[in-house]
Amino acid sequence: MKSIEVHYYAILRDQAGRRSERVETGAATAAELFDELAARHGLALARDAMRVAINDEFGDWEHSLQSGDRVVFIPPVAGG
């Protein structure tokens, strides 16, 4: 199991009901972690509509996770 710090922004924060959390997970990749958390919190956005950042750098959904990583799921942003 890995200990991962997860941060949620915008609509994901609303859907998860929190800004961040530390999770214990067996997920090997950012994609697996998102799928696990989407099921847990009822996150409604599809992965392909978002970006992921791992340890403050934009990453790839297939990036291997390590214990202690900081993962941020970044939904599309609308503005004016």
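Residues numbered from 1 in each chain as written. Predicted model: local features only at pLDDT ≥ 70, side-chain atom pairs only at ≥ 80, totals over all residues. Heavy atoms only, no water.

A. Molecular detail of the environment of Gly26. Note that Gly26 resides in the loop between strand E2 (20–25) and helix H2 (30–41). A relative accessible area of 51% places Gly26 in the exposed class. Counting along the chain gives 42 residues from Gly26 to Gly68, while the straight-line C-alpha distance between them is 13 Å. Apart from the residues lying within four places of it in its own chain, the contact partners of Gly26 are Met1, Lys2, Glu32 and Glu36. (Helix = DSSP H or I, 4+ residues; strand = E, 2+ residues; numbered from the N terminus. Buried < 20%, exposed > 50% of the residue type's maximum accessible area, 1.4 Å probe, protein only. Contact = heavy atoms within 4.5 Å.)

B. Examining the sheet that holds strand E3 (residues 51–54) more closely. Strand order in the open sheet formed by five strands is E2-E1-E5-E3-E4, and the pairing between neighbours is mixed. If you trace the sheet from one side to the other, it starts and ends with E2 and strand E4 (57–59), each paired once. Direction aside, the axes of adjacent strands within the sheet are offset by 35° on average. Both E3 and strand E5 (residues 70–74) contribute to a ladder of four bridges, which runs antiparallel. Its bridge partner being in E5, Val52 is matched across the sheet by Phe73. Its contacts with the sheet place H2 against strand E1 (2–8), E2, E3 and E5, and it is angled at close to 110° to E2. (Pairing = 2+ DSSP bridges. Axes fitted to C-alpha atoms, helices over the stretch in contact; angles between N-to-C directions.)

C. Quick look at H2. For H2, with 12 residues, the first-to-last C-alpha span of 16 Å sits near the 16 Å given by 1.5 Å per residue. Among the residues of H2, Ala30, Ala31, Leu33, Phe34, Leu37, Ala38 and His41 are the ones counted as buried. The arc that holds every buried residue of H2, seen down its axis, measures 160°, which confines them to one face. As for H2, its buried residues are in contact with E1, helix H1 (10–16), E2, E3 and E5. (Expected span 1.5 Å × (residues − 1). Arc of directions from axis to C-beta.)

D. Structural detail: the side chain of Lys2. Looking at the element boundaries, Lys2 is found in strand E1. Glu32 is the oppositely charged side chain nearest to the buried, salt-bridge-free Lys2, at an N-O distance of 6.9 Å. Polar contacts involving the side chain of Lys2 include one to the main-chain carbonyl oxygen of Ala27, which spans 3.0 Å. Ignoring anything within four residues of it in the chain, the contact list for Lys2 reads Val23, Glu24, Thr25, Gly26, Ala27, Ala28, Leu65, Gln66 and Ser67. (Lys, Arg positive; Asp, Glu negative; His and termini not counted. Salt bridge = Lys/Arg side-chain N within 4 Å of Asp/Glu carboxyl O. Polar contact = N/O pair within 3.5 Å; in protein donor to acceptor, adjacent residues only side chain to side chain.)

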